[in-house]
Amino acid sequence: QKEVEQNSGPLSVPEGAIASLNCTYSDRVSQSFFWYRQYSGKSPELIMSIYSNGDKEDGRFTAQLNKASQYVSLLIRDSQPSDSATYLCAVRSGGSNYKLTFGKGTLLTVNP
Amino acid sequence: DAMVIQNPRYQVTQFGKPVTLSCSQTLNHNVMYWYQQKSSQAPKLLFHYYDKDFNNEADTPDNFQSRRPNTSFCFLDIRSPGLGDAAMYLCATSSVAAFNEKLFFGSGTQLSVL
């Protein structure tokens with residue numbers, strides 16, 4: 001069973017702080033990794049994608065991938081109350097280009 | 001400008017009464033997916049279409065069926081909804097089944113079963 005694990009939280013940070021969200025995956029041949037943000041009652045919205053080891057930055061967001069450790073993270077700098085949401089880690093395995101497997105998500109609360 | 005449209009946004013049905021959820025897309029994407037997401041859980045893939053080719057996940061209950069009459073539309077049929085089928089149903093599309101291809105989600109249909 002290919003799994004994606006996340007700390008369910010909730011993770012609470014003050015406004016302006018760095019929020020760090022973590023995800024591990026079990027399928028060693030996974031090729032692509034995505035972070036989605038989901039507000040309560042809404043559908044997931046893509047924040048970042050990463051395919052190679054290392055860091056990828058986009059504005060206040062940085063995704064980090066370590067395939068040897070089967071670990072992917074998302075850093076949110078200068079956190080804002082509007083960042084309060086559930087963050088879903090999603091992994092596409094090497095065995096199938098179709099299937100995106102999601103973690104349960106980490107609930108982030110940014111306190112003003 | 002909505003690209004993946006799901007109707008209705010909220011659906012209430014009775015226990016055992018068949019229900020159909022719909023999804024349409026203006027992106028002309030090859031692949032359409034149906035995910036089920038229960039409260040505080042991960043979205044779970046039910047099935048997907050690559051063009052007309054239907055692919056069912058091994059653990060998707062027989063109670064769930066899907067139809068894709070053309071590129072733009074895809075339907076999720078729940079033949080006899082149970083209380084455990086209450087969930088958000090998410091439709092998504094992608095242009096090709098490539099490892100770096102992202103999914104475009106619709107706004108979801110929240111299904112309640114009474």
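Up top is the structure these notes are about.
Here's a quick rundown of the structure. (Residues numbered from 1 in each chain as written. Chains lettered and ligands numbered in written order. Predicted model: local features only at pLDDT ≥ 70, side-chain atom pairs only at ≥ 80, totals over all residues. Heavy atoms only, no water.)

Things to note about the layout of surface pockets
Taken as a whole, the second largest pocket encloses approximately 490 Å³ of empty space. At the level of elements, strand S9 (85-92) and strand S11 (106-111) of chain A together with strand S9 (87-94) of chain B are the ones that each hand at least two residues to the lining of the second largest pocket. Per element, the largest residue contribution to the lining of the second largest pocket is three residues, and it comes from S9(A). Its residues assigned to classes, the lining of the second largest pocket shows seven nonpolar, 13 polar and three charged. (1 Å grid on protein atoms, 1.4 Å probe; cavity = no way out; pocket = protein on both sides within 12 Å on 5 of 7 lines; lining within 4 Å. Points joined across faces, edges and corners; volume = space filled by probe spheres on them. Helix = DSSP H or I, 4+ residues; strand = E, 2+ residues; numbered from the N terminus. Nonpolar A, V, L, I, M, F, W, Y, C, P; charged D, E, K, R; others polar.)

Concerning the pairing of strand S1 (residues 4-7) of chain B
Residue and element names in this part refer to chain B. Across the two faces of S1 the burial differs, with Val4 and Gln6 buried and Ile5 and Asn7 not buried at all. For S1 and strand S3 (residues 19-25), the ladder comprises four bridges, and the chain directions are antiparallel. If you follow Asn7 over to S3, its bridge partner there is Ser22. (Buried < 20%, exposed > 50% of the residue type's maximum accessible area, 1.4 Å probe, protein only. Pairing = 2+ DSSP bridges.)

Thoughts on the nonpolar core
Of all hydrophobic cores here, the largest spans 23 residues; its most connected members are A:Trp35, A:Val72, A:Leu74, A:Ile76 and A:Tyr87. When contributions to this core are tallied by element, the ones reaching two or more residues are strand S3 (19-25), strand S4 (32-38), strand S5 (45-50), strand S7 (61-66), strand S8 (71-76), S9 and S11 of chain A. Listed in part, the 18 residues of the second largest apolar core include B:Tyr49, B:Leu76, B:Ala87 and B:Val113. (Core = buried A, V, L, I, M, F, W, Y, C linked by side-chain atoms within 4.5 Å.)

Points about the interface of chain B and chain A
Across the boundary between the two partners, chain B contributes 25 residues, which contact 20 residues of chain A. Around 1,800 Å² of area is buried between chain B and chain A when both sides are counted, 58% of it from carbon and sulfur atoms. The interface formed by chain B and chain A holds one salt bridge in total. With a shortest N-O distance of 2.8 Å, A:Lys99 and B:Glu57 are connected by a salt bridge. When contributions to the side of chain B that touches chain A are tallied by element, the ones reaching two or more residues are strand S4 (31-37), strand S5 (44-50) and S9 of chain B. Top contributing element to the side of chain B that touches chain A by residue count: S4(B), with four residues. For the side of chain B that touches chain A, the class distribution of residues is 14 nonpolar, seven polar and four charged. (Contact = heavy atoms within 4.5 Å. Buried area = accessible area lost by both parts, 1.4 Å probe. Salt bridge = Lys/Arg side-chain N within 4 Å of Asp/Glu carboxyl O.)

Digging into the sheet that holds strand S1 (residues 4-6) of chain A
All names here are of chain A. As summarised here, the arrangement of the five strands in space is S1-S3-S8-S7-S6, forming an open sheet in which the pairing is antiparallel. Strands with a single pairing partner mark the edges of an open sheet, and in this sheet they are S1 and strand S6 (54-58). Put simply, the sheet's adjacent strands are angled 20° from each other on average, direction ignored. Where S7 and S8 come together, six bridges link them in antiparallel fashion. In the strand pairing of S8, Ala63 is matched with Leu74. (Axes fitted to C-alpha atoms, helices over the stretch in contact; angles between N-to-C directions.)

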